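Structural overview
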Amino acid sequence: YTCDGVDVSPPLSWSNPPEGTETLALIMDDPDAPMGTWVHWVVYDIPADRGSLPEGVPADEPLSDGSLQGKNGWQRHGYGGPCPPSGSSHRYVFTLYALDTELGLEAGATKGSVLDAMDGHVLAQGELIGTYTR
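Residues numbered from 1 in each chain as written. Predicted model: local features only at pLDDT ≥ 70, side-chain atom pairs only at ≥ 80, totals over all residues. Heavy atoms only, no water.

1. Some remarks on the overall build of the protein chain
Put simply, the test is: Strands are runs of DSSP state E lasting at least two residues, helices are runs of H or I lasting at least four, and both sets are numbered from the N terminus onward. Type-normalised accessible area, obtained with a 1.4 Å probe on protein chains alone, sets the label of each residue: buried when under 20%, exposed when over 50%, and partly exposed for intermediate values. Residue contacts follow a heavy-atom distance rule, with two residues in contact if any of their heavy atoms lie within 4.5 Å. Surface exposure here means Shrake-Rupley accessible area, sampled with a 1.4 Å probe, where a residue is shielded only by the protein chains that are shown. Neither His nor the chain ends contribute to the count of charged residues, in which Lys and Arg are positive and Asp and Glu negative. Taken as the charge centre is NZ of Lys, CZ of Arg, CG of Asp or CD of Glu, depending on the residue.
The secondary structure content of the protein chain amounts to one helix and seven strands. Scanning the protein chain from its N terminus toward the C terminus, one meets helices and strands in the order β-β-β-β-β-β-α-β. Dimensions of the protein chain, computed from C-alpha atoms along their principal axes, come out at roughly 45 × 25 × 25 Å. Looking at the protein chain as a whole, 40% of its 134 residues qualify as buried. Taking the intrachain contacts of the protein chain between residues at least 6 apart in sequence as the baseline, contacts between residues at least 24 apart amount to 69%. Approximately 6,800 Å² of the protein chain is accessible, and the part contributed by carbon and sulfur atoms is 49%. Charge centroids of the protein chain, computed over 6 positive and 19 negative side chains, lie 11 Å from each other.

Here it is as structure tokens:
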């Protein structure tokens, strides 16, 4: 799932979003990047009844269920895998948000736009943190 591998998105699953959840949003970023937090993946308007994302989500817009992907730090749609500088270890944070609304953003939104649109609509959130060393 890294730039040293096939660089496809990992399979992720979750369960039991809170009552009132309309959509989910997922943001993956690297808070240890040398130039500040680096965005690896932004997915939003995921239907609330969806409990997972498969391995290798294509960067096409929109996904078959209507989910949209935003721009990552490379200014591309979809997933971009961990790729820390040689000899360093970085954390990769996947944050899943349960929202009480659809965000109403076009495909290709930035992390900042997604966070702004989510303001006041987050019912719950969870995190998964992994590390990668090159």
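2. Quick look at the sheet that holds strand 2 (residues 23–30)
Heads up, the rule is: Two strands pair if DSSP finds at least two bridges between them.
Pairing is antiparallel in the open sheet, where five strands are placed in the order 5-3-2-6-7. Looking at which strands have only one partner, the edges of the open sheet turn out to be strand 5 (68–69) and strand 7 (122–133). As paired strands, strand 6 (residues 89–99) and strand 7 are joined by eleven bridges and run antiparallel to one another. Bridging from a neighbouring strand, L96 pairs with G126 of strand 7.

3. Considerations on the side chain of H40
The criterion, for reference: Residues adjacent in sequence count toward polar contacts only when both atoms are side-chain atoms; beyond that, a polar contact is any pair of N or O atoms within 3.5 Å, and within protein one must be able to donate a hydrogen and the other to accept it.
Considering the arrangement of structural elements, one finds H40 in strand 3 (residues 38–47). Separated by 2.6 Å, the side chain of H40 and the backbone oxygen of G80 make a polar contact. Those residues in contact with H40 that lie beyond four places of it in its chain are M28, D29, D30, N72, W74, G78, Y79, G80, G81, P82, C83 and Y92.

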